Amino acid sequence: MEKFETFTGIVCPLDRSNVDTDAIIPKQFLKSIKRSGFGPNLFDEWRYLDQGEPGMDNSRRPLNPDFVLNDPRYQGAKILLTRKNFGCGSSREHAPWALEDYGLRVIIAPSFADIFFNNCFKNGILPIVLNEETVEKLFSISGNQQALTLTVDLQGQHLSLADGETIPFEVDPFRKHCLLNGLDDIGLTLEHVGDIKAYEARRRSEAPWFFT
Amino acid sequence: MSAKTLYDKLWESHVVRTDENGTALIYIDRHLVHEVTSPQAFEGLRLAGRKPWRVSANLATPDHNVPTTERSGGVSTIVDPISRTQVETLDENCNSFGIPEFKMLDPRQGIVHVVGPEQGATLPGMTVVCGDSHTSTHGAMGALAFGIGTSEVEHVLATQCLIQKKSKAMQIRVDGPVAPGVTAKDIVLAIIGEIGTAGGTGYAIEFAGQAISDLSIEGRLTLCNMAIEAGARAGFVAVDEKTIDYVKGRPYAPSDENWEQAVANWRTLHSDEGAEFDKVLVLDGSVIKPQVTWGTSPEMVVSIDQSVPDPAGEADDVKAGGMRRALEYMGLEAGTPMEMIRLDRVFIGSCTNSRIEDLRAAAEVAKGRRVADSIKQALVVPGSGLVKAQAEAEGLDEVFIEAGFEWREPGCSMCLAMNADRLQPGERCASTSNRNFEGRQGQGGRTHLVSPAMAAAAAVAGHFIDVGKLD
């Protein structure tokens, strides 16, 4: 996984709550056995006017001009601003794969669904929880003629606006450490092989019926 | 010793180690695998030169992509080449890594969340995970069961563990008894209507109270299945005699020599008297009526005797906007009585409601009646090959076929339309599945979630109707 470094990016405002992972990446694209190439089908049903299927040339499909991702102001966005309970529904990791493949590295919302939130960190995406009031304020600025840009500083745990105002955010220390250093969870866990084997041996004698 | 919740007991018995900041490594007893969320995990193992930690902890079966029509030719009968490749890839990965798998033609194949309990492969006291959010289902056995992403599937395969933080504990107590005709599906939809789809976020939910203990194990599987629709990764019910009776004699259940010891352990799997929860919610089960969703989120739900709600009556602007968008997508007018809503298709199946008791409940309604002429299709998709065989032994297939339903092969089917079973744009469906999201059952499709009996009643009437009112 790539290290998460400080960057400045355009904010795309997706003004909906309860955006589910079926909307983020519809089921027909889950048939792939790869983990890349989902970006062109991110929000497929909202983004295009036709019905999307795997294998289509997405560059020739009719875009929905009313969908925010197609707004010229937000092209190249690296930050998605959205409403509460983002990423609810299916556990499909294809959702963060699609967001990441599109180029989004940060999602800001008042709350996230648990499995999605967890999946983001495994893929170099930082989900940031801000209070409703702050999210509302960012929505109002990002609707301006000129798109909102934010600088995301994970080490310092704050966002900065162009005028210098900063917004602090919370992040779990372990997840922060993994993102900043691009660490692979499996490698970290395998440092504790001795502990796992000891647990397993004890468990095998206490509850042998789990090991048949 | 202080009083513990069931969640404390399940969690503490699986902690391998804990960091100073509270991040824990927990041991996973059972890993269920299907074809959609596993290929990239197996590929990751292969690229890193890793092997599964303990192959016997895994159990795989294809379910999302399998056709439900005639398929005796096996994988080659999957018409869509991309779907076929995904099922073939699961077979290849299980073969090469030595993972036990019920392949497409195995009579034990089925929806992974139906197969696990049916085989006794998910047991009380276990940690159970799967790359599928509906893994919460297995909590009905008194297990800690939750869905994971593909990176975590790879992590479990490689280490038999997951890196987790302990959730907060919530108890949802539903006092009972419930009225006749009110099912586990109605109870869980009523709970979601009450707390919302994010109400359980950050919590592990223990369902308790008379309405819950009155449920059969299959009813509890339906209930826990939809804990995730309330935002909780895990939902569970304490072990009682029903749980123990259910497990006894199943293929993966403890053998005779271990049985007594296992049962003694399982009898401790309940919250202690006086245990404290971070949140407690109490519902009066006696007032719950059959539920029908009207919108594009499971929290958009009303009783069958109510009408489609009006966004104008909603004080929260963001919520009112969501309601308006849902009404537009669903093609519904506020104020329409639910019983006036006419349907195009009916789907009885999914990991929520495809077990034998679900099929019996639907067949009881269908028996001696006919699917309305206005219904284009009414599908019955059993949850596993063994459920199908049991239903056929009881003659339920004939009841359905005589009534005009289609009797299919087991799989996820129209719950998420990854196979050929799907809604056309604008079509409206009464479905016993778990999600009414936009496009879930096919792009532009409109889903209303109901219980099996209510789905069968809707098929017969051509519109929603309280099953108790059917002639």
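Provided above is the structure to which this section pertains.
A.B. asks: What is the right way to read the overall build of chain A from this model?
C.D. replies: Check the secondary structure of chain A and you find 8 helices and 7 strands. By its C-alpha atoms, chain A is 65 × 45 × 25 Å across when sized along the principal axes. Nonlocal contacts in chain A, meaning residues at least 24 apart in sequence, comprise 64% of its contacts between residues at least 6 apart. For chain A, the accessible surface area stands at approximately 8,700 Å², while carbon and sulfur atoms represent 49% of it. When the 23 basic and 30 acidic side-chain charges of chain A are each reduced to a single mean position, those positions are 5 Å apart.

A.B. asks: Can you walk me through the nonpolar core in this structure?
C.D. replies: The tendency in soluble globular proteins is for nonpolar side chains to be buried side by side. Ile172, Val174, Ile187, Ile191, Phe207, Leu223 and Trp266 of chain B are the most contacted members of the largest nonpolar core, which totals 102 residues. Counting residues per element, this core draws most heavily on helix 6 (residues 184–195) of chain B, which supplies 8 residues. With 87 residues, the next largest nonpolar core counts Phe29 and Ala109 of chain A together with Val114 and Val380 of chain B among its residues.

A.B. asks: Mind showing me how you'd approach the packing of helix 2 (residues 39–48) of chain B against helix 5 (residues 150–159) of chain B here?
C.D. replies: Residues and elements named next belong to chain B. Remark: helix 2 packs on helix 5, axes separated minimally by 8 Å, with the N-to-C direction vectors making an angle of 50°. On the basis of the axis angle, helix 2 is oblique to helix 5. Relative to helix 5, helix 2 is oriented so that their crossing is right-handed. Each of Gln40, Ala41, Phe42, Gly44 and Leu45 in helix 2 lies in contact with helix 5, whose residues at this interface are Thr150, Val153, Glu154, Leu157 and Ala158. Broken down by class, the residue content of the contact of helix 2 with helix 5 amounts to 6 nonpolar, 3 polar and 1 charged.

A.B. asks: What's the story with the pairing of strand 5 (residues 149–153) of chain A in this structure? I'm lost.
C.D. replies: Two faces, one strand: in a regular strand the side chains alternate between the faces of the sheet. All names here are of chain A. Here strand 1 (residues 7–14) pairs with strand 5 via 4 bridges, running antiparallel. Of the residues in strand 5, the one forming a bridge with Ile10 is Thr149. Summarising the sheet, strand 5 and strand 6 (residues 158–161) pair through 4 bridges and their orientation is antiparallel. Along strand 6, the bridge assignment pairs Leu150 with Leu161. Taking the residues that link successive antiparallel strands as the turn, the strand 5-strand 6 hairpin has 4 residues, and the phi of Gln157 there is positive, at about 55°.

A.B. asks: Explain the packing of aromatic side chains here, please?
C.D. replies: To describe a pair of aromatic rings, one takes the distance between the centres and the angle between the planes. All names here are of chain A. Considering all chains together, one arrives at 19 aromatic pairs over all chains under this definition. Taking the centre distance of 5.8 Å and the plane angle of 65° together, the rings of Phe43 and Phe67 count as edge-to-face. In this pair, Phe43 is assigned in the loop between helix 1 (21–24) and helix 2 (44–47) and Phe67 in the loop between helix 2 and strand 2 (79–82), connecting sequence segments 24 residues apart. With respect to class, Phe43 is no different from Phe67; both count as buried. A ring pair is formed by Trp46 and Phe67, whose centres lie 6.0 Å apart and whose planes are at 55°; its orientation type is tilted. Linking Trp46 in helix 2 with Phe67 in the loop between helix 2 and strand 2, this pair joins segments that are 21 residues apart in sequence.

A.B. asks: What should I look at first to understand the interface of chain A and chain B in this one?
C.D. replies: How large an interface is tends to be reported as the accessible area lost when its parts come together. Counting residues at the interface gives 61 residues for chain A, matched by 77 residues for chain B. Both sides of the chain A and chain B interface together cover about 5,700 Å² of buried area, and 55% of this is carbon and sulfur. Seen at the junction of chain A and chain B, the total is 7 salt bridges. A salt bridge links Asp184 of chain A to Arg50 of chain B; the nearest nitrogen and oxygen atoms lie 3.8 Å apart. The tally of links from chain A across to chain B stands at 32 residue pairs in polar contact (both at pLDDT 80 or more). Going through the elements one at a time, helix 2, helix 3 (94–102), helix 4 (114–121), helix 6 (173–181), helix 7 (185–189) and helix 8 (193–206) of chain A are the ones with two or more residues in the side of chain A that touches chain B. Among the elements that make up the side of chain A that touches chain B, the one with the highest residue count is helix 8 of chain A (10 residues).

A.B. asks: Mind showing me how you'd approach the packing of helix 8 (residues 217–225) of chain B against helix 12 (residues 356–366) of chain B here?
C.D. replies: How two helices pack is summed up by the angle between their axes together with the distance between the axes. Residues and elements named next belong to chain B. Contact pair helix 8 / helix 12: the axes reach a minimum separation of 8 Å and the direction vectors enclose 100°. Classified by the angle between their axes, helix 8 and helix 12 sit roughly perpendicular to one another. Every residue of helix 12 that contacts helix 8 at Glu218, Gly219 and Thr222 is listed here: Ile356, Glu357 and Asp358. Per-class residue counts for the contact of helix 8 with helix 12 are 1 nonpolar, 2 polar and 3 charged.

A.B. asks: Mind showing me how you'd approach the sheet that holds strand 5 of chain A here?
C.D. replies: Backbone hydrogen bonds are what pair the strands of a sheet, in a parallel or an antiparallel way. All names here are of chain A. With mixed pairing, 7 strands are arranged side by side in an open sheet as 4-3-2-1-5-6-7. Either end of the sheet is taken by a strand with one partner, and the two such strands are strand 4 (126–129) and strand 7 (166–168). In this sheet, neighbouring strand axes are inclined to one another by 30° on average, regardless of whether the strands run parallel or antiparallel. Here helix 5 (residues 132–142) sits on the sheet and contacts strand 1, strand 2, strand 3 (106–109), strand 6 and strand 7; the angle it forms with strand 2, its principal contact strand, is near 115°.

A.B. asks: Honestly, the pattern of salt bridges in this entry has me stumped. Any pointers?
C.D. replies: One side chain can pair with another of opposite charge once the charged atoms of both are near each other. As enumerated under the stated definition, the model contains 38 salt bridges over all chains in all. Across the pair Asp50 of chain A and Arg61 of chain A runs a salt bridge, and its minimum N-O distance is 3.0 Å. One end of the pair, Asp50 of chain A, is in the loop between helix 2 and strand 2; the other, Arg61 of chain A, is in the loop between helix 2 and strand 2, and 11 residues separate them in sequence. Asp50 of chain A gets classed as partly exposed once you look at its relative accessible area, which sits at 21%. Overall, the relative accessible area of 6% leaves Arg61 of chain A in the buried class. As a salt-bridge pair, Arg345 of chain B and Glu427 of chain B come within 2.6 Å of each other at their nearest N and O atoms. With Arg345 of chain B in strand 14 (residues 345–348) and Glu427 of chain B in the loop between strand 16 (406–407) and strand 17 (428–431), the pair connects residues that are 82 residues apart, well separated along the chain. For the pair Arg345 of chain B and Glu427 of chain B, a shared accessibility class is recorded, and that class is buried. One continuous salt-bridge network, built from bridges that share partners, spans Asp15, Arg83 and Glu136 of chain A.

A.B. asks: Mind showing me how you'd approach the sheet that holds strand 9 (residues 203–208) of chain B here?
C.D. replies: All names here are of chain B. Ordered by their spatial adjacency, 4 strands build an open sheet running 10-9-8-11, and the pairing between neighbours is parallel. Two strands bound the open sheet, and with one partner strand each, they are strand 10 (234–237) and strand 11 (279–284). Strand-to-strand twist in this sheet, taken as the mean axis angle between neighbours without regard to direction, amounts to 20°. Taken together, the 6 bridges between strand 8 (residues 168–175) and strand 11 define a ladder with parallel strand orientation. From the neighbouring strand, Gln171 faces strand 11, where its bridge partner is Val280.

Rules used in this analysis
- Residues numbered from 1 in each chain as written.
- Chains lettered and ligands numbered in written order.
- Predicted model: local features only at pLDDT ≥ 70, side-chain atom pairs only at ≥ 80, totals over all residues.
- Heavy atoms only, no water.
- Helix = DSSP H or I, 4+ residues; strand = E, 2+ residues; numbered from the N terminus.
- Contact = heavy atoms within 4.5 Å.
- Areas by Shrake-Rupley, 256 points an atom, 1.4 Å probe, with all protein chains shown as cover.
- Lys, Arg positive; Asp, Glu negative; His and termini not counted.
- Charge placed at Lys NZ, Arg CZ, Asp CG, Glu CD.
- Core = buried A, V, L, I, M, F, W, Y, C linked by side-chain atoms within 4.5 Å.
- Buried < 20%, exposed > 50% of the residue type's maximum accessible area, 1.4 Å probe, protein only.
- Axes fitted to C-alpha atoms, helices over the stretch in contact; angles between N-to-C directions.
- Parallel < 35°, antiparallel > 145°, perpendicular 65-115°, else oblique.
- Left-handed = near helix turned anticlockwise from the far one by under 90°.
- Nonpolar A, V, L, I, M, F, W, Y, C, P; charged D, E, K, R; others polar.
- Pairing = 2+ DSSP bridges.
- Phe/Tyr/Trp six-rings, centres within 6.5 Å; stacked < 30°, edge-to-face > 60°.
- Buried area = accessible area lost by both parts, 1.4 Å probe.
- Salt bridge = Lys/Arg side-chain N within 4 Å of Asp/Glu carboxyl O.
- Polar contact = N/O pair within 3.5 Å; in protein donor to acceptor, adjacent residues only side chain to side chain.

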